[in-house]
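Descriptive structure summary
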Amino acid sequence: MNTVAVIDYGMGNLRSVCKALEHVAPKARVQLTSNPDDLAKADRVVFPGQGAIGGCVRALDSHGLRPALLRALETKPFLGICLGLQALFDFSEEGGGTPGLAVLPGRVPLFPPAQMHDRATGLRLKVPHMGWNQVQQVRPHALWEDIPQDTRFYFVHSYYVDSGDRRQIAGVTEYGLRFTSAASINNIFAVQFHPEKSQKAGLRLLENFVNWDGKD
Amino acid sequence: MGLAKRIIPCLDVDNGRVVKGVKFVDIRDAGDPVEIARRYDQQGADEITFLDITASSSNRATMVHVVEAMASEVFIPLTVGGGIRAVEDVRRMLNAGADKVAINTAAVANPDFVKAAADHFGAQCIVVAVDAKQTAPGKWEVFTHGGRRATGLDVLEWTQRMAEYGAGEILLTSMDRDGTRDGFDLPLTRAVCDAVTVPVIASGGVGTLDHLADGVLLGHADAVLAASIFHFGEFTVGQAKERMAGRGIEVRL
């Protein structure tokens with residue numbers, strides 16, 4: 001049976017992610033877990049994220065999940081969502097500076113207030129970046145299958161990914177500046193937006209993930 | 001091309017049932033919040049807000065079940081407001097499947113609660129709801145208890161302070177316009193939207209589709225919330241989006 005482990009590190013709403021996965025893959029086993037052994041046994045792993053990055057990394061360590069998570073990042077289809085994207089990079093500006101898991105090269109800065117203006121109207125762009133924005137797919141990927149170019153997904157975040165390796169960028173979004181809204185390498189795919197809250201397109205992405213063989 | 005302006009239908013829920021009647025011709029149970037939420041989702045709503053007007057704590061448990069049911073089948077963001085008074089209330093709603101909670105009276109009674117909730121769960125899930133009444137030209141005061149109790153707080157100062165305390169969004173309701181169908185209080189909306197750095201949802205007074213567009217174009221709102229124009233099948237969310245797009249507003253179609 002296709003087992004999808006959703007990492008639970010005790011930081012908020014994970015029900016939506018599980019329900020959305022169950023919705024698109026009724027035959028799969030969706031397991032919300034904070035047990036490292038479950039990550040090792042699962043066929044695929046989802047790393048959702050909410051809250052602050054410092055708390056997220058600390059909670060991973062307090063549950064002893066880091067080694068199992070790093071192992072999964074090397075070996076099985078892996079989907080990071082929101083903070084689950086940001087935490088993969090070297091360093092986040094959040095909380096006065098927080099080291100990430102450093103699996104992907106890059107930084108996670110705050111949207112710079114001086115640059116946050118709408119080009120058309122001149123009005124201030126609000127932070128958090130909250131709502132439905134477009135994702136430009138910069139290269140083909142199994143997880144983009146049947147999702148049209150420039151489809152809107154639901155975002156909510158104040159920090160953004162500045163990828164250190166262009167080859168790892170799978171999608172970009174404009175909000176005051178152009179940022180990495182999807183990153184991928186090998187068996188890893190990670191998104192800034194919330195597929196579990198992005199209606200049809202989001203469900204399609206989750207379905208693609210559940211069917212993905214983990215090959216780039 | 002960029003971030004779309006959001007349209008958010010709002011439902012008043014009492015003991016697990018929608019009140020103020022929703023009248024769709026083709027709906028099975030017009031009192032079931034999940035069925036109505038599903039309908040708005042199909043019409044293209046960008047988010048849904050449930051306002052829990054329940055007074056008793058036993059009925060609050062019912063609200064948790066409603067949120068759980070909604071999260072199992074409607075995959076767009078859900079905000080829950082009403083009776084959120086402690087960190088534990090926030091946790092309960094988020095665990096049930098809400099994406100954001102709206103805090104109103106409790107923020108006025110104890111502003112540090114907003115700070116504690118934002119520190120704990122992240123600013124992205126904390127909405128501060130503000131009920132505003134005009135007291136003089138260009139001056140608005142914060143009211144609580146459904147507009148019955150004055151607080152002495154200036155709306156502009158209060159909303160800026162709440163953003164500093166960690167509110168990720170402001171839900172701004174004009175008590176002068178609420179229920180009138182005369183349109184948003186545009187000077188109020190614009191003053192708050194221009195003053196704060198976080199997104200603002202305009203609410204109170206929508207009677208026509210152009211009112212929604214005015215909220216964005218003249219009020220500078222990031223999102224617009226309405227109840228009755230959608231509930232009675234008068235307009236669909238899709239029609240609202242078409243009108244907004246026709247007036248040059250970026251929406252998710």
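Residues numbered from 1 in each chain as written. Chains lettered and ligands numbered in written order. Predicted model: local features only at pLDDT ≥ 70, side-chain atom pairs only at ≥ 80, totals over all residues. Heavy atoms only, no water.

The next subject is the nonpolar core. Of all hydrophobic cores here, the largest spans 77 residues; its most connected members are Phe50 and Leu212 of chain B. Aside from chain neighbours lying at most four places away, what touches Leu212 of chain B is Phe184, Val206, Val224, Ala226, Ile229, Phe230, Ala240 and Met244 of chain B. If you look at the next biggest cluster of nonpolar residues, it comprises 41 residues, including Val17, Leu143, Trp144 and Tyr160 of chain A. (Core = buried A, V, L, I, M, F, W, Y, C linked by side-chain atoms within 4.5 Å. Buried < 20%, exposed > 50% of the residue type's maximum accessible area, 1.4 Å probe, protein only. Contact = heavy atoms within 4.5 Å.)

This part covers the sheet that holds strand 9 (residues 151–157) of chain A. Residue and element names in this part refer to chain A. Strand order in the open sheet formed by nine strands is 2-1-3-4-13-12-11-8-9, with mixed pairing between adjacent strands. Looking at strand neighbours, the two that pair on one side only are strand 2 (29–33) and strand 9, the edges of this open sheet. Going across the sheet, the axis of each strand differs from the next one's by a mean of 25°, ignoring polarity. Bridging between strand 12 (residues 177–185) and strand 13 (residues 188–191) involves four bridges; their strand directions are antiparallel. Residue pairing across strands places Ile185 opposite Ile188, the latter belonging to strand 13. Each of strand 1 (3–7), strand 3 (44–47), strand 4 (78–81) and strand 13 touches helix 4 (residues 66–75); the most contacted strand, strand 4, lies at about 120° to it. Where helix 6 (residues 199–211) meets the sheet, its contacts fall on strand 1, strand 3, strand 4, strand 8 (129–137), strand 9 and strand 13, and the angle it forms with strand 3 comes to roughly 145°. (Pairing = 2+ DSSP bridges. Helix = DSSP H or I, 4+ residues; strand = E, 2+ residues; numbered from the N terminus. Axes fitted to C-alpha atoms, helices over the stretch in contact; angles between N-to-C directions.)

In this assembly, 29 residues from chain A lie in contact with 40 residues from chain B. Carbon and sulfur atoms make up 54% of the surface buried where chain A meets chain B, a total of about 3000 Å² over both sides. Considering only the side of chain A, the residues that lose the most area to chain B are Lys126, Met130 and Trp132 of chain A, jointly responsible for 23% of the buried surface there. If you look at where chain A meets chain B, you find four salt bridges. In this structure, Lys197 of chain A and Asp99 of chain B form a salt bridge, with 2.8 Å as the shortest nitrogen-oxygen distance. Across the contact surface, chain A and chain B share 21 residue pairs in polar contact (both at pLDDT 80 or more). Counting only elements with at least two residues in the side of chain A that touches chain B, the list comes to helix 1 (15–24), strand 8, strand 9 and helix 6 of chain A. Per element, the largest residue contribution to the side of chain A that touches chain B is six residues, and it comes from strand 8 of chain A. Tallied by class, the residues present in the side of chain A that touches chain B amount to 10 nonpolar, 12 polar and seven charged. (Buried area = accessible area lost by both parts, 1.4 Å probe. Salt bridge = Lys/Arg side-chain N within 4 Å of Asp/Glu carboxyl O. Polar contact = N/O pair within 3.5 Å; in protein donor to acceptor, adjacent residues only side chain to side chain. Nonpolar A, V, L, I, M, F, W, Y, C, P; charged D, E, K, R; others polar.)

Residues and elements named next belong to chain A. Counted by the stated rule, this structure contains 13 aromatic pairs over all chains. Note on Phe47 and Phe78: the rings are 6.2 Å apart at their centroids and 65° apart in plane angle, and the pair reads as edge-to-face. You can see Phe47 sitting in strand 3 and its partner Phe78 sitting in strand 4, a full 31 residues away along the chain. Note on Phe47: relative accessible area 0%, which makes it buried. Given the relative accessible area of 0%, Phe78 is considered buried. Ring geometry for Phe111 versus Phe179: centroids 5.7 Å apart, planes at 80°, classification edge-to-face. With Phe111 in the loop between strand 7 (106–108) and strand 8 and Phe179 in strand 12, this pair connects stretches of sequence that are 68 residues apart. The class of Phe111 is buried, set by a relative accessible area of 1%. What makes Phe179 buried here is its relative accessible area of 1%. (Phe/Tyr/Trp six-rings, centres within 6.5 Å; stacked < 30°, edge-to-face > 60°.)

On to the sheet that holds strand 10 (residues 162–163) of chain A, then. Residue and element names in this part refer to chain A. Strand order across the open sheet formed by four strands is 6-5-7-10, with mixed pairing between neighbours. Of all the strands in the sheet, the pair left with one neighbour each is strand 6 (98–99) and strand 10. Relative to strand 10, strand 7 is paired through two bridges, and the arrangement is antiparallel. Along strand 10, the bridge assignment pairs Gly106 with Ser163.

Here we take up helix 10 (residues 237–246) of chain B. Residue and element names in this part refer to chain B. Looking only at helix 10, the buried set comprises Val237, Gly238, Ala240, Lys241 and Met244. One side of helix 10 holds all its buried residues, which, seen down the axis, span an arc of 160°. Within helix 10, the exposed residues directed more than 90 degrees away from the buried face are Glu242 and Gly246. The elements touched by buried residues of helix 10 are strand 1 (6–14), helix 1 (33–43), helix 8 (209–217), strand 11 (223–226) and helix 9 (228–231). Count one or two residues on from helix 10 and you reach Gly248, which has phi positive near 85°. (Arc of directions from axis to C-beta.)

Bringing helix 3 (residues 53–62) of chain A into the picture now. Counting buried positions over the 10 residues of helix 3 of chain A gives seven, a clear majority of the element. Considered for burial, the residues of helix 3 of chain A that qualify are Ile53, Gly54, Gly55, Cys56, Val57, Ala59 and Leu60 of chain A.

A few words on the packing of helix 3 (residues 87–96) of chain B against helix 5 (residues 111–121) of chain B. Residue and element names in this part refer to chain B. Where helix 3 contacts helix 5, the two axes come as close as 10 Å, and the packing angle between them is 40°. The angle between helix 3 and helix 5 places the two elements in the oblique class. Crossing handedness for the pair helix 3 and helix 5: right-handed. Residues Val87, Val90, Arg91 and Leu94 of helix 3 touch helix 5, and the partners they reach there are Phe113, Ala116, Ala117, His120 and Phe121. Classifying every residue of the contact of helix 3 with helix 5 by side-chain character gives seven nonpolar, one polar and one charged. (Parallel < 35°, antiparallel > 145°, perpendicular 65-115°, else oblique. Left-handed = near helix turned anticlockwise from the far one by under 90°.)

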